[in-house]
Amino acid sequence: MKDENVEEWEVFDNDHWIEQAYRESREAYGMFCHVFERFTMQHTKQYLYDAGQAHKVAISPVSNGKDLLENPQLIHHDFWKSLNHEPVGGEVVCPGPPYVFGNLKWRLGDTVPVFGQHTAEILGECGYSSDEIEALAKEGVVHVAKS
């Protein structure tokens, strides 16, 4: 923040920030939030992450779906996989393997069920008759997907 001349960065140039008790105080918390928020609002999440890494500061972005799909590390490791999903009429992007163990082969599983795909089956296992399930569906209580 000093290099970028953030307003009031000087408050951090004080030895009391070394003291844990001070850092945990309301005063320190309020001051940190006041100055740091101003700094963060001027930059992207990626910039803040990269700058934090360069200065050995533990900072990490809170990522949304778009951020994750565009994450250079996930792209580099070929994390995202495409899967043809007939009910939606095309390909969907899915997370790949969460880790790699040597020669262990990993593959995408089946597609996720469509809304209501297993409703009748589950209600049947719970003791509902076909007529009762059909009546619940007609009343809008449950959704049963058409086969």
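Let us look at the structure shown here. Note that this is a predicted model, so its numbers are computed, not measured.

What counts, and at which threshold
Residues numbered from 1 in each chain as written. Predicted model: local features only at pLDDT ≥ 70, side-chain atom pairs only at ≥ 80, totals over all residues. Heavy atoms only, no water. Helix = DSSP H or I, 4+ residues; strand = E, 2+ residues; numbered from the N terminus. Rg over C-alpha atoms; globule rule 2.2 N^0.38 Å. Buried < 20%, exposed > 50% of the residue type's maximum accessible area, 1.4 Å probe, protein only. Contact = heavy atoms within 4.5 Å. Salt bridge = Lys/Arg side-chain N within 4 Å of Asp/Glu carboxyl O. Phe/Tyr/Trp six-rings, centres within 6.5 Å; stacked < 30°, edge-to-face > 60°. Pairing = 2+ DSSP bridges.

## With respect to the overall build of the protein
Alright, step 1. Secondary structure summary: the protein contains seven helices and two strands in total.
Alright, step 2. Starting at the N terminus, the α and β elements of the protein follow one another as α-α-α-α-α-β-β-α-α.
Alright, step 3. Computed over its C-alpha atoms, the radius of gyration of the protein comes to 26 Å, more than 25% above the 15 Å expected for a compact globule of 147 residues.
Alright, step 4. By principal-axis analysis of the C-alpha atoms, the protein measures approximately 75 × 40 × 30 Å.
Alright, step 5. Within the protein, the proportion of its 147 residues that are buried is 15%.

## Here we look at the environment of Leu-74
Alright, step 1. If you trace the backbone, Leu-74 turns up in helix α5 (residues 72–76).
Alright, step 2. For Leu-74, a relative accessible area of 22% translates into the label partly exposed.
Alright, step 3. Distance from Leu-74 to Gly-96, taken between C-alpha atoms, is 9.6 Å for residues 22 residues apart in sequence.
Alright, step 4. Not counting residues up to four positions away in its chain, the partners in contact with Leu-74 are Leu-68, Phe-79 and Trp-80.

## Things to note about the pattern of salt bridges
Alright, step 1. Enumeration over the complete set of coordinates arrives at five salt bridges.
Alright, step 2. Among the salt bridges present, the one from Glu-8 reaches Arg-38, with a minimum N-O distance of 3.2 Å. Highlighted residues: Glu-8 in the segment before α1 (20–23) and Arg-38 in helix α2 (residues 26–40), separated in sequence by 30 residues.
Alright, step 3. Accessibility expressed as a relative area gives 29% for Glu-8, which makes it partly exposed.
Alright, step 4. Between Lys-138 and Glu-134 there is a salt bridge, and its shortest N-O distance comes to 3.5 Å. In this pair, Lys-138 and Glu-134 both sit in helix α7 (residues 130–138), four residues apart, roughly one turn of the helix.
Alright, step 5. Of the residues examined, Lys-138 reaches a relative accessible area of 68% and is grouped as exposed.

## Here we look at the side chain of His-85
Alright, step 1. Tracing the sequence through the fold places His-85 in strand β1 (residues 80–85).
Alright, step 2. In this structure His-85 touches Gly-90, Val-92, Thr-111, Val-112 and Val-114, once residues within four positions along its chain are discounted.

## Details of the packing of aromatic side chains
Alright, step 1. Taken as a whole and assessed by the stated rule, the structure comprises seven aromatic pairs.
Alright, step 2. In textbook terms, an aromatic cluster arises when at least three aromatic residues are bridged by ring pairs, as seen for Phe-12, Trp-17, Tyr-22, Phe-32, Phe-36 and Phe-39.

## Some points on the environment of Asn-84
Alright, step 1. Its location among the elements puts Asn-84 in strand β1.
Alright, step 2. Those residues within four positions of Asn-84 in sequence are excluded, and the remaining contacts are Gly-90, Glu-91 and Thr-111.

## Let's talk about the pairing of β1
Alright, step 1. Inspection of the sheet shows β1 paired to strand β2 (residues 90–95) by six bridges, in the antiparallel sense. What sits directly across from Asn-84, in β2, is Glu-91.
Alright, step 2. Where β1 folds back on β2, the antiparallel hairpin that results is connected by four residues, among which Gly-89 adopts a positive phi of roughly 75°.

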